[in-house]
Amino acid sequence: MSNTYFPDIPKIQYEGPQSKNSLAFKHYNPDEKVEGRTMKEQLRFAVSYWHTFRGTGSDPFGVGTAIRPWDDGSASLANAQKRAHVAFEFMEKLGAPFYCFHDRDVAPEGATLAESNQNLDAVAKVLKEEQERTGIRLLWGTACLFVHPRYCHGAATSCNAEVFAYAGAQVKKALEVTHHLGGAGYVFWGGREGYSTLLNTNMKREVDHLAKLLHLAVEHKKKIGFTGPFYIEPKPKEPTRHQYDSDAAACLNFLREYGLLEHFKLNIETNHATLAGHTMQHELEVAAAAGVLGSIDANTGDELLGWDTDQFPTSIYLTTQIMLSLMKAGGFTTGGLNFDAKVRRESFEPVDLFHAHIGGMDAFARGLKIAAAIRADGRLDRFVQERYSSWDHGIGAQVEQGKASLTDLEAYILKNGEPKTNSSGRQEMLENLINEFI
Ligand code: XLS
Ligand code: NI
Ligand code: NI
């Protein structure tokens, strides 16, 4: 194990709930089995390169605060390659099996596309070596189509066709590098694909172009033999006033409308769900119902702030809800729990990065164990099943099977009269039941 950049930090071990060691897991025990699979396999944790290794702690009111002794602050290739070693030492010590990146997180943008591509290849070489050394894998890659000023009007949805062309070129390369690194998937988050005002916007044309770029990406994926799924990551606003991929339902409609559904799953992010006015569990259920629950960006927002604060998840209630929905949907296949989360500006030391991830991993380990206990107990499932039992036979079954017309329904009610008495929804009882396990 490499021990150059975090010399004071040992490999993080599972010490159990009684431990008082802030650099140990209290609940995440990678090899412990839950419902027949290890926690490592169930949770598939990933570290996000952009926050953890590129985050500076800057905000609109102040410059970065983060102390990162290994980073010379330059945009040089050497600095980027060194950072890749830092990242892998961090992930190795943490015991995270996966990571995720944008092309421009890992390698600096050059003066031309050709130079940027060369930089990316040079860093990808180090990433590949480090993957082989540690066994850590790429959960997904993506292209950063929102930082550079050329993307001020969006990328695929830009009014400027030249910018669309640039975005396409960038996606091509990011896809190829993801494929080269054995990435399990590839993400499209909307970046600046949206609008600030409709006064200057041809919405129909922009959304058509977004679909066009995704179709081109599907075509290229086939060409290079990349078999991992594509994910769309819904978000309703920020940076634009209205993002086209606003929530899971909007994404599903878009994918269906443009014939893309078979090629895509969704990457659901907690804080994006809340910005959309939904709960995370709602978004997961919408995705799961359509069979496209692919991956999760695990973070959380702040109850009092209306933007994407990208905080590390610590609420056991939240992680329990997420795990209940995820396990009901059969768990992850290619996806995982990516901590799209950053330490607070006031938490500027390297060790804070460890505390943040350890806390998030422990919170999800508890959520997993609690959800498994609720499932084993069976009362919650049985209640829901019972609640819909009128659909299992008689008129309910006839409707579900498409065997009843409105005339049949009329005849049924004329014969049988008022529906049988409704039974209570028992919300409070069920809330108490969940708390029994937390
Ligand atoms: C921004 C998004 C972004 C994606 C990757 O809000 O969460 O970080 O996950 O492009
Ligand atoms: Ni995200
Ligand atoms: Ni986000």
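Our structure's up above, just so we're on the same page.
Presented here is a report on the structure given in the accompanying data block. (Residues numbered from 1 in each chain as written. Chains lettered and ligands numbered in written order. Predicted model: local features only at pLDDT ≥ 70, side-chain atom pairs only at ≥ 80, totals over all residues. Heavy atoms only, no water.)

Here strand β10 (residues 230-233) shows no split at all, with Phe230 and Ile232 on one side and Tyr231 and Glu233 on the other all buried. Alignment of strand β8 (residues 186-189) against β10, held across four bridges, turns out to be parallel. Residue pairing for β10: phenylalanine 188 is matched across the bridge by isoleucine 232. As defined by bridge partners, β10 adjoins strand β12 (residues 264-269) across three bridges and the pair is classed as parallel. Bridge assignment links phenylalanine 230 to a residue of β12, and that residue is phenylalanine 264. (Buried < 20%, exposed > 50% of the residue type's maximum accessible area, 1.4 Å probe, protein only. Helix = DSSP H or I, 4+ residues; strand = E, 2+ residues; numbered from the N terminus. Pairing = 2+ DSSP bridges.)

To continue, consider the coordination of the nickel ion (ligand 3). Taken together, the protein donors to the nickel ion (ligand 3) comprise Glu269 (OE), His272 (NE2) and Asp308 (OD), at separations of 2.1 to 2.3 Å. Along the chain, the residues donating to the nickel ion (ligand 3) fall in the pattern E-x2-H-x35-D. The metal-metal distance between the nickel ion (ligand 3) and the nickel ion (ligand 2) is 3.8 Å, with glutamate 269 coordinating both. On the criterion of sequence distance, the pair formed by histidine 272 in helix α9 (residues 270-275) and aspartate 308 in the loop between β13 (293-297) and α11 (316-328) is long-range, its members being 36 residues apart. (Donors = N, O, S within 2.8 Å, 3.2 Å for Na, K, Ca; no water.)

Positionally, threonine 320 belongs in helix α11. According to the relative accessible area criterion, threonine 320 is buried, its value standing at 1%. Threonine 320 has contacts with Gly367, Ile370, Ala371, Ile374 and Ile438, leaving out every residue within four places of it along the chain. (Contact = heavy atoms within 4.5 Å.)

Attention shifts here to the packing of helix α5 (residues 113-134) against helix α6 (residues 161-180). Between α5 and α6, the shortest axis-to-axis distance is 11 Å and the interhelical angle comes to 15°. Our classification of the angle between α5 and α6 gives roughly parallel. Considering how the two elements wind past one another, α5 and α6 form a crossing that is right-handed. Within the contact between the two elements, α5 uses Leu113, Asn117, Leu120, Asp121, Ala124 and Lys128 and α6 uses Tyr166, Ala169, Lys173, Val177 and His180. Tallied by class, residues from the contact of α5 with α6 come to six nonpolar, two polar and three charged. (Axes fitted to C-alpha atoms, helices over the stretch in contact; angles between N-to-C directions. Parallel < 35°, antiparallel > 145°, perpendicular 65-115°, else oblique. Left-handed = near helix turned anticlockwise from the far one by under 90°. Nonpolar A, V, L, I, M, F, W, Y, C, P; charged D, E, K, R; others polar.)

Our next topic: the environment of valine 351. Summarising the element assignment, valine 351 is placed in helix α12 (residues 350-377). Given the relative accessible area of 22%, valine 351 is considered partly exposed. Linking valine 351 and phenylalanine 6, residues 345 residues apart in sequence, is a C-alpha distance of 8.3 Å. Look past the residues within four positions of valine 351 in its chain and what remains in contact with it is Ile9 and Leu23.

Within the protein, the atoms that donate to the nickel ion (ligand 2) are Glu233 (OE), Glu269 (OE), Asp297 (OD) and Asp340 (OD), at distances of 1.9 to 2.1 Å. Between the six donor atoms coordinating the nickel ion (ligand 2), the angles at the centre fall across 82 to 174°, so the site counts as octahedral. Within one chain, the residues donating to the nickel ion (ligand 2) are spaced in sequence as E-x35-E-x27-D-x42-D. Looking at glutamate 269, the relative accessible area reads 1%, which means it is buried. On the accessibility criterion, aspartate 297 (0% relative accessible area) is buried. (Tetrahedral: all angles 85-135°; square planar, octahedral: opposite > 155°, others 65-115°.)

Attention now goes to the site of ligand 1. Every residue close to ligand 1 is listed here: Trp50, His102, Trp189, Glu233, Lys235, Glu269, His272, Asp297, Asp308 and Asp340. Within the contact set of ligand 1, an oxygen atom lies 2.9 Å away from a side-chain nitrogen or oxygen of aspartate 308. Within the complex, the protein chains bury 93% of what would otherwise be the 290 Å² of accessible surface of ligand 1. Partitioning the shell around ligand 1 into residue classes produces two nonpolar, two polar and six charged. (Near = heavy atom within 4 Å. Polar contact = N/O pair within 3.5 Å; in protein donor to acceptor, adjacent residues only side chain to side chain. Areas by Shrake-Rupley, 256 points an atom, 1.4 Å probe, with all protein chains shown as cover.)

Residue proline 239 is reached from glutamate 238 by a cis peptide bond, and omega for that bond is 10°. Relative to the helices and strands, proline 239 resides in the loop between β10 and β11 (242-243). The backbone phi angle of aspartate 310 is positive, close to 50°, even though this residue is not glycine. Take aspartate 310: it is sitting in the loop between β13 and α11. Accessibility expressed as a relative area gives 7% for aspartate 310, which makes it buried. Even without a glycine there, the phi angle at arginine 426 is positive, about 55°. Within the secondary structure layout, arginine 426 lies in the loop between α15 (406-416) and α16 (427-437).

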